[in-house]
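A look at the structure
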Amino acid sequence: MILRTCVIFREESALINTWGVVQSRRDSLFTESLYRLLPPTIFGLMDSVKKSKGHDNLAFDMQEQIHDQLETKADEPRWSDCAAEENRNKPTYCVTDVPPWYLCIFLAIQHYLTAFGGIISIPLILSEGLCLQHDTLTQGLLINTIFFVSGLCTILQVTFGVRLPILQGGTFALVTPAMAVLSMPEWKCPAWTQNASLVNTSSPAFMEEWQSRMRTLQGSIMVASLLQILVGFSGLIGFLMRFIGPLTIAPTVSLIGLALFDSAGVKAGSHWGISALTMGLIVVFSQYLRLIPLPIPSCCKTKKRKTSKFYIFQTMPILLGIAISWLVCYLLTIFDVLPSDSAHYGYLARTDVKGNVVSKASWFTLPYPGRWGVPTVNLAAVVGILAGIVCSMAESVGDYHACARLSGAPPPPKHAISRGIGVEGIGSLLAGAFGTGNGTTSFSENVAALGITKVGSRTVILLSGFLMILLGVVGKIGAIFSTIPTPVIGGMFLIMFGVICAAGISNLQFTDMNSSRNIFVFGFSIFAALVIPNWIMKNPGVLETGVKEVDQVLHVLFTTHMFVGGFLGCFLDNTIPGTKRERGILTWNAGQSEDSSDDVASEEVYSLPFGITPCLQKQSWVRYVPFCPPNKPESGDGTPQGTEQMTRV
């Protein structure tokens, strides 16, 4: 998913140059000394900006726990002061550690809240193309379904995938092609579905209108996800990454946010005052008040009362902004300040517009495959969604390396990356089968939270997965989220889509933007991707070839902004002469060149659970399977060398 927030301080320009020298000459003794002398936080900051492109906010105060951990290690031998400084900046809990149960629960809730805004936005956007604007109850079911599938995919990824503490959720990379598919003439919503007075949500005619569209998205996502499964488990992801660089990712991701400006504008325009309030609150909480803690009384091991710091404003700025604006709408509704006539401006800000949806929703709902009927396949939709999946795969590889670095794990080996991409493909397959109208990807916001909290335990993320499954089966939860007033959603969209656009542009930091070549590639890709789809939408008959299937494919591709921009960026970047340093390829791949397949620590982190890895390593054919850990050569006593080394440790 791809929401990223890049906060770059003025002093970082000099640090980035130093980091580039250290990365390119780490083998030399001088550079190794420099690497040890510079504060490890500098390198963590550079890596988090370069790979995770996430938040620099603090989630809560972990100083007491870090202090306690350092006191227990005070008697251990220290080789140097530099080593001690480096240890102080390591995560309090690494990937394989298990924090106390209360800390696990708190951090699991925090990760859920971090992903909350991005997850609920997807079904709310898709509801427009699915003709569900006036069916709030079904919108709630879609929210329940996407939470359930996100939790299920998170558990699969942490247990059998890349095995890093990385959360899975819906991806905006598939929203744009999905909306392009639903905008085709044959899938445009009938006029009567736009009129609330004419919509009977329980009528068979209305249900067939939106379910037929959902079934098309389901089948197309399932077929397209097979490519991701193939690329992941076959090890082809490394080959594809040779052709995908910053000048491909930057326009692709930026256009995901830019393409949704109309949806954000329509919702925000239903009441600009409420939308401005929502935007202002989110900005104040996430940017101005993010470092102001809320004191919370707690107890320590000595049973003395103390006060812990909880940075509530940065942990849940979107949720707080929505809640306060929602409350304002409720007060304006009960005092009859907002108009009660649906034809008047501001009516959609009322909290009673969507009726008694919460009371109608059941307490328990269990999502299951085929809930909306048997999925169907549309060739044009498959081709369009494939473009989004390729973009999602490229981003996930960067998230894996950033997640490993922030959680104190070794660089992910090739077999773990292959498994991670393959499991994401399985997740998209499940998302299509369950009927979310979307796929799954790694959530970059949650990757950034690992470096903030200093807790990189995958047990926490595993618990977050179970929490999302639990909330996904509570029907009232989805119904409550579906009743958020329209202008409140519009204000949230303006913030989120703007950040997505900026996150895409931030990839240009790896390239030489003083180069006229790079300026041309990015500028032309962005502008052409805005002009071409807009012109084709206004002239839909220009792509008629006489073959219906070909016309549909061309329409979807050329009305998908991210495909046009990504294709032009990739083609021009790989054909116009330019050095790898100029293109940003060297910096882009600097953190991905290491491979720790033979490392003992890597085996502990990335090996498969339940004793699967030792069983596989006994087989000679394992070396030919890209997603399996490599078998270890045996030592003199017949045991694998890796086991012998782990015993010595």
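Residues numbered from 1 in each chain as written. Predicted model: local features only at pLDDT ≥ 70, side-chain atom pairs only at ≥ 80, totals over all residues. Heavy atoms only, no water.

**Let's talk about the overall build of the protein chain**
Scanning the protein chain from N- to C-terminus turns up 30 helices and four strands. For the protein chain, the exposed surface amounts to about 28200 Å²; the carbon and sulfur share of it is 65%. (Helix = DSSP H or I, 4+ residues; strand = E, 2+ residues; numbered from the N terminus. Areas by Shrake-Rupley, 256 points an atom, 1.4 Å probe, with all protein chains shown as cover.)

**Examining the state of the cysteines**
Counted under the stated rule, the structure contains one disulfide. Covalent S-S linkage joins C131 and C189, the inter-sulfur distance amounting to 2.0 Å. Handedness here is read from the sign of the S-S torsion; for C131 and C189, about -100 degrees, the answer is left-handed. With C131 in the loop between α6 (101–129) and α7 (136–160) and C189 in the loop between α8 (175–182) and α9 (204–234), the pair connects residues that are 58 residues apart, well separated along the chain. Residue classification places C131 among the buried residues on the basis of a relative accessible area of 0%. Take C189: its relative accessible area is 21%, and that puts it in the partly exposed class. (Disulfide = S-S within 2.5 Å. Buried < 20%, exposed > 50% of the residue type's maximum accessible area, 1.4 Å probe, protein only.)

**Describing the side chain of R213**
Its location among the elements puts R213 in helix α9. If sequence neighbours within four positions are ignored, R213 has contacts with G129, L130, C131, L182, W187, K188, C189 and P190. (Contact = heavy atoms within 4.5 Å.)

**Here we look at the nonpolar core**
The biggest cluster of nonpolar side chains holds 102 residues, and the ones touching the most others in it are F147, L164, F172 and F497. When residues of this core are assigned to their parent elements, the largest contribution, 11 residues, is made by helix α17 (residues 379–406). Apart from the residues within four sequence positions on either side, F147 is in contact with Y112, F116, I119, I120, M468, I469, G472 and F481. (Core = buried A, V, L, I, M, F, W, Y, C linked by side-chain atoms within 4.5 Å.)

**Notes on the packing of aromatic side chains**
As enumerated under the stated definition, the model contains 13 aromatic pairs in all. On the basis of an interplanar angle of 80 degrees and a centroid distance of 5.9 Å, the ring pair of F172 and F497 is categorised as edge-to-face. Of this pair, F172 sits in the loop between β1 (168–169) and α8 while F497 sits in helix α22 (residues 486–505), and the two are 325 residues apart along the sequence. The same class applies to F172 and to F497, which are both buried. Note on W210 and W372: the rings are 5.0 Å apart at their centroids and 65 degrees apart in plane angle, and the pair reads as edge-to-face. Within this pair, whereas W210 is found in helix α9, its partner W372 is found in the loop between α16 (357–360) and α17, the two being separated by 162 residues in sequence. Each member of the pair W210 and W372 is classed as buried. Aromatic rings pair up to connect Y112, F147 and F481 into one cluster. (Phe/Tyr/Trp six-rings, centres within 6.5 Å; stacked < 30°, edge-to-face > 60°.)

**So, the environment of G422**
By secondary structure assignment, the location of G422 is in helix α18 (residues 414–434). By relative accessible area, which is 0% here, G422 ends up buried. Spatially, the C-alpha atoms of G422 and M393 are 9.7 Å apart, while their sequence positions differ by 29 residues. Sequence-distant contacts of G422, that is, excluding residues within four places in its chain, are made with Q228, I229, G232 and F233.

**Some points on the pattern of salt bridges**
Evaluation of the coordinates by the stated rule reveals seven salt bridges. Across the pair K267 and E128 runs a salt bridge, and its minimum N-O distance is 3.3 Å. Of this pair, K267 sits in helix α12 (residues 261–268) while E128 is found in helix α6, placing the two residues 139 residues apart along the sequence. Here the salt bridges share partners, and the residues they tie into one network are D336, R350 and D352. (Salt bridge = Lys/Arg side-chain N within 4 Å of Asp/Glu carboxyl O.)

**Side note on the confidence of the model for the protein chain**
For the protein chain, the mean per-residue pLDDT works out to 77, and 78% of the residues sit at or above 70. Throughout residues 595–600 the model reports pLDDT below 50, and contacts reaching past four residues in sequence, or to other chains, amount to 16 contacts. This model gives residues 634–649 a pLDDT under 50, and the stretch forms 14 contacts once residues within four places in sequence are excluded. (pLDDT = per-residue confidence, 0-100.)

**Things to note about the packing of α9 against α17**
Where α9 meets α17, the axes come as close as 9 Å, and the angle between the chain directions of the two elements is 40 degrees. In this view, α9 runs oblique relative to α17, as classed from their interaxial angle. Where α9 crosses over α17, the handedness of that crossing is right-handed. Residues S220, I221, V223, A224, S225, L227, Q228 and V231 of α9 touch α17, and the partners they reach there are A381, V382, I385, L386, I389 and M393. Residues that form the contact of α9 with α17 fall into these classes: 11 nonpolar, three polar and no charged. (Axes fitted to C-alpha atoms, helices over the stretch in contact; angles between N-to-C directions. Parallel < 35°, antiparallel > 145°, perpendicular 65-115°, else oblique. Left-handed = near helix turned anticlockwise from the far one by under 90°. Nonpolar A, V, L, I, M, F, W, Y, C, P; charged D, E, K, R; others polar.)

**Points about α8**
In terms of burial, α8 is a largely internal element, seven of the eight residues being buried. The set of residues buried in α8 consists of V175, T176, P177, A178, A180, V181 and L182. Structurally, α8 contributes buried residues whose contacts are with α6, α9, α11 (246–258), α17, α24 (548–558) and α25 (561–575).

**Considering the environment of L107**
Mapping L107 onto the fold places it in helix α6. Its relative accessible area of 2% is what places L107 among the buried residues. Expressed as a C-alpha distance, the spacing of L107 and V455, which sit 348 residues apart in the sequence, is 8.6 Å.

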